[in-house]
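Survey of secondary and tertiary structure
So you can see what is in the structure, the chains are spelled out below.
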2 protein chains.
Amino acid sequence: MRITALSGGVGGARFLRGLLDALPPTGEPGATTEVTVVGNTADDVTLRGLRVCPDLDSVTYTLGGGADEARGWGREGETFTTAGELAAHDAALGLPPQWFALGDRDTATHVLRTRMLADGVPLGEVTTALAARWGLADLGVRLLPATDDRAETHVLVDAAEAPLDAASVRSPLAAGLDAPPGTHALHFQEWWVRHGARPLPRAVVVAGAAAARPAPGVLEAVATADVVLLPPSNPVVSLGAVLAVPGLRDALRRTPAPVVGVSPLVGGRPVRGHADACLRAVGVPATARDVAALYADLLDGWLVAPGDEHGDGPALPGAVVRAEPLLMTTRDDAARIARAALDLAADLAADADLDVRRRSRPTAAPAAHAGMVA
Amino acid sequence: MRITALSGGVGGARFLRGLLDALPPTGEPGATTEVTVVGNTADDVTLRGLRVCPDLDSVTYTLGGGADEARGWGREGETFTTAGELAAHDAALGLPPQWFALGDRDTATHVLRTRMLADGVPLGEVTTALAARWGLADLGVRLLPATDDRAETHVLVDAAEAPLDAASVRSPLAAGLDAPPGTHALHFQEWWVRHGARPLPRAVVVAGAAAARPAPGVLEAVATADVVLLPPSNPVVSLGAVLAVPGLRDALRRTPAPVVGVSPLVGGRPVRGHADACLRAVGVPATARDVAALYADLLDGWLVAPGDEHGDGPALPGAVVRAEPLLMTTRDDAARIARAALDLAADLAADADLDVRRRSRPTAAPAAHAGMVA
């Protein structure tokens, strides 16, 4: 079986680990030989000249067994010696404190990636090289960036609410954005980490997405999959940003494989992170049904928490909705949820009405997602 | 009093710390207000994409109180977490082990420098910014790189003795060197650190030196000094490389200030490091007099260890030779030696015969130094 999954960061990574737990071990009869993960690269950021890919690294570290589970980001057993030195330098120069501390173990990843990219190696090949350290291939996992091109999520905010200073991210992509007077574009990481996703966004856009191309292997992985999964990742800045890469959304609409998503909301609240703030930013109510509507043009099955099956909100004629407890507290929870998603996909693959329902799906991306392509 | 000193790495840095100890504290009447250090940049190297300036950092760390005294390089209390991770990545990819481990504290220096250089900031300004962390200005010290341009020492060796591999330094400057068949150019750091200065050098050249310009402030610091000092740094790859920057040697010949050097050899053996191997590499016997001859066109005074005053070797008509115990074991030793150098400089400044002796100096650089400019 070939499974292709889109993914954001930690939430997606934990779902994917559950997926691997739910599959028969590699080598057994009928074992899955390939899980292809299409990882979000739109929250990538250059900090101190080092190229950081938080979502790709979260997937690699989590599946490879090197993630800090309690903190929810970075490496287990991490130290911050270099970061402390950098802070001492900033203080000596009277610079504002940095808001993004890179751990010493994590820094090795960024140093290697930055050097390889500077040598002209595409991000996809860099990601494969980094995954070698973590044995992802032995797990039957292939991690691909959504795109090798640079496209980064930015949030338009009132300039007074989050002024730019010497500790701000300076992405060249921000220069091309059209910010109304009194507003400016913050890099997603600055909005999310430095400002706790608090300044009210006027818009969320993936700067550079319009010119980005899917990384080698991505479209094929979607087209030739037996199952396509959308983990409970952030529907705006994670999966929305993956779908902002031209060609990807169309591939998901056309794949013969059933496309099954898992709601990132339980009773209107995000399982983790700031999905609610991101949904508000693009004018979408924080309900499981409204999130599903963001994928309405490509979704065949939708797993929601019990109690979230019904309620008001947009119609979802193309998708079968099924309830399953979605709180992903333990690793076993993740495996159970992944198994439920695979079961739903299997039922859909055997369902003669799949194509009938597909013809009732809208044919265009919803406005909230379409507006993110910049 | 304005003192200008050339410097290599640790040996030079310890001499300079002694010099500061020997001077009246800043603020006292007659206190020295400025010590300008012209640091060697020819052993700079790009490792994992990070720009490393070992000699500049040795001066900064040693004077700022952050150097590891026992190990003789890098930062005190250093950890090597990032380096360990990089080694794990190399092993996973089947790459040869790296031979240059960057410490976690040290890495902060290189990350900041690499980013500033990438932003177009000249090395001199970068060095000033890094020195701010260590309070060098408060000590009355200004550290300048010999040049802002990239010029790196390379050693021509038999290719079979030190093959190039994936762990070799790949400096673009090496491409311009003319290596006879069966030989190739090793970056100085690779020869020195990886191979322990063992493969017999056919030549030592500073690739890029011919096109390098002195960094802003360097020529002025030499021309307007009251005293110019040559610490007991390596006469080939440290001071020889500084003097390979066009214009610098001429400024030292012309400065009205007495130029006083300290021999790096005691009884024919280097006080520290591989000065003997480097001298052999350029065909110069390892004696205090032969080292002085490398500076014969610019030297007014030469401090040697007792017993090294006489002996065979080239004549030194331009310089006054004085004996002083030169083993620099303690910080007090360094202060005493620096004081002896300052005393010799004061005597020379008051000596009516200084200009007479200067007229007997050779007018060209010795062949061993002249051959290093590539």
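Values in this document were obtained by computation on a predicted structure and should not be read as measured data.

**Some remarks on the packing of aromatic side chains**
Residues and elements named next belong to chain A. Throughout the structure, instances matching the rule amount to 14 aromatic pairs over all chains. Look at Phe-188 and Trp-191: their rings are 6.3 Å apart centre to centre, the planes differ by 50°, and that puts the pair in the tilted class. One end of the pair is Phe-188 and the other is Trp-191, both in helix 6 (residues 188–194) and 3 residues apart, which spans about a single turn. For Trp-191, a relative accessible area of 1% translates into the label buried. Members of the aromatic cluster, each reached through a chain of ring pairs, are Phe-188, Trp-191 and Trp-192.

**What about the relation of the copies chain A and chain B?**
Mapping chain A onto chain B calls for a screw motion: a turn of 180° about the axis and a shift of 0.0 Å along it, with 0.0 Å RMSD after fitting. The superposition of one copy onto the other is thereby described by a two-fold rotation axis. Judged by C-alpha distance, A:Asp104 is the residue of chain A that lies nearest the rotation axis, at 3.4 Å. A symmetric contact is evident, with 100% of the interface residues of chain A recurring at the interface of chain B.

**Observations concerning the pattern of salt bridges**
Summed over all chains, the structure comprises 52 salt bridges over all chains. As a salt-bridge pair, A:Arg357 and A:Asp351 come within 3.1 Å of each other at their nearest N and O atoms. With a relative accessible area of 14%, A:Arg357 lands in the buried category. Among the ionic pairs, B:Arg336 bridges to B:Asp333, the shortest N-O distance being 3.6 Å.

**Describing the sheet that holds strand 10 (residues 259–262) of chain B**
Backbone-to-backbone hydrogen bonds pair the strands of a sheet. The strands run either parallel or antiparallel. All names here are of chain B. Pairing is parallel in the open sheet, where 7 strands are placed in the order 5-2-1-9-10-13-14. Single-partner strands in this sheet number two, and they are strand 5 (141–145) and strand 14 (320–323). On average, adjacent strands in this sheet sit at an angle of 20° to one another, irrespective of strand direction. Direction of pairing for strand 9 (residues 227–230) relative to strand 10: parallel, over a ladder of 3 bridges. Bridge pairing in strand 10 links Val-228 to Val-259. This element, helix 1 (residues 10–22), spans strand 1 (2–7), strand 2 (34–39), strand 5, strand 9 and strand 10 of the sheet and lies at about 165° to strand 1.

**As for the interface of chain A and chain B**
Each partner contributes to the interface: chain A provides 28 residues, whereas chain B provides 28 residues. Summing both partners gives a buried area of about 2,600 Å² for chain A against chain B, and 65% of it is carried by carbon and sulfur. Note that A:Arg133 is salt-bridged to B:Glu85, the shortest N-O span being 2.9 Å. Between chain A and chain B we count 6 residue pairs in polar contact (both at pLDDT 80 or more) in total. Only helix 3 (81–92), helix 4 (104–118) and helix 5 (123–132) of chain A provide two or more residues apiece to the side of chain A that touches chain B. Take the side of chain A that touches chain B: its biggest share by element is 8 residues, from helix 4 of chain A. A per-class count over the side of chain A that touches chain B returns 12 nonpolar, 7 polar and 9 charged.

**With respect to helix 3 of chain A**
An ideal rise of 1.5 Å per residue puts 16 Å on 12 residues; helix 3 of chain A measures up with 17 Å between its terminal C-alpha atoms. Listed in full, the buried residues belonging to helix 3 of chain A are A:Thr81, A:Thr82, A:Ala83, A:Glu85, A:Leu86, A:His89 and A:Asp90. Looking at the buried positions of helix 3 of chain A, the neighbouring elements they touch are helix 4 of chain A together with helix 4 (104–118) and helix 5 (123–132) of chain B. Of the residues one or two after helix 3 of chain A, A:Gly94 is the one with positive phi, at around 70°.

**Focus on the packing of helix 1 (residues 10–22) of chain A against helix 12 (residues 331–349) of chain A**
Residue and element names in this part refer to chain A. Following both chains from N to C, one finds helix 1 and helix 12 inclined at 75°, their axes separated by 7 Å at the closest point. The pairing of helix 1 with helix 12 is recorded here as roughly perpendicular in orientation. Touching Arg-14, Phe-15, Arg-17, Gly-18, Leu-19, Asp-21 and Ala-22 of helix 1 are Arg-331, Ala-334, Ala-335, Ile-337, Ala-338, Arg-339, Ala-341 and Leu-342, all from helix 12.

**Points about the domain arrangement of chain A**
All names here are of chain A. Partitioning chain A into domains gives domain 1 (2–42 + 214–370), domain 2 (45–145) and domain 3 (152–207). Between the C-alpha centres of domain 2 and domain 3 the distance comes to 22 Å. Taken together, the contacts link 10 residues of domain 2 with 10 residues of domain 3. Of the roughly 800 Å² buried where domain 2 meets domain 3, counting both sides, 70% is carbon and sulfur surface. Contact with domain 3 buries area across many residues of domain 2, yet Val-45, Pro-96 and Trp-99 alone supply 66% of it, more than any other trio. For the pair domain 2 and domain 3, the number of links is 1 salt bridge. For the salt bridge of Arg-51 with Glu-152, the shortest nitrogen-to-oxygen distance reads 2.8 Å. By residue class, the composition of the side of domain 2 that touches domain 3 is 8 nonpolar, 1 polar and 1 charged.

**Re the environment of B:Leu93**
Along the polypeptide, B:Leu93 turns up in the loop between helix 3 (81–92) and helix 4. Ignoring anything within four residues of it in the chain, the contact list for B:Leu93 reads A:Ala129 and A:Ala132.

**Regarding unusual backbone geometry**
Residues other than glycine seldom take positive phi values, yet A:Arg48 does so here, at roughly 55°. Note on placement: A:Arg48 falls in the loop between strand 3 (45–47) and strand 4 (50–52). Overall, the relative accessible area of 12% leaves A:Arg48 in the buried class. Unusually for a residue other than glycine, B:Ala197 sits at a positive phi of about 60°.

**Describing the pairing of strand 13 (residues 301–304) of chain B**
Residue and element names in this part refer to chain B. Of the two faces of strand 13, the one lined by Gly-301 and Leu-303 and the one lined by Trp-302 and Val-304 are each fully buried. One ladder, built from 3 bridges, connects strand 10 with strand 13; its direction is parallel. Looking across to strand 13, one finds that Val-260 is bridged to Gly-301.

Here is what the cut-offs are and how they apply
- Residues numbered from 1 in each chain as written.
- Chains lettered and ligands numbered in written order.
- Predicted model: local features only at pLDDT ≥ 70, side-chain atom pairs only at ≥ 80, totals over all residues.
- Heavy atoms only, no water.
- Phe/Tyr/Trp six-rings, centres within 6.5 Å; stacked < 30°, edge-to-face > 60°.
- Helix = DSSP H or I, 4+ residues; strand = E, 2+ residues; numbered from the N terminus.
- Buried < 20%, exposed > 50% of the residue type's maximum accessible area, 1.4 Å probe, protein only.
- Least-squares fit on C-alpha atoms with pLDDT ≥ 70 in both.
- Contact = heavy atoms within 4.5 Å.
- Salt bridge = Lys/Arg side-chain N within 4 Å of Asp/Glu carboxyl O.
- Pairing = 2+ DSSP bridges.
- Axes fitted to C-alpha atoms, helices over the stretch in contact; angles between N-to-C directions.
- Buried area = accessible area lost by both parts, 1.4 Å probe.
- Polar contact = N/O pair within 3.5 Å; in protein donor to acceptor, adjacent residues only side chain to side chain.
- Nonpolar A, V, L, I, M, F, W, Y, C, P; charged D, E, K, R; others polar.
- Expected span 1.5 Å × (residues − 1).
- Parallel < 35°, antiparallel > 145°, perpendicular 65-115°, else oblique.
- Domains from an automatic or database assignment.

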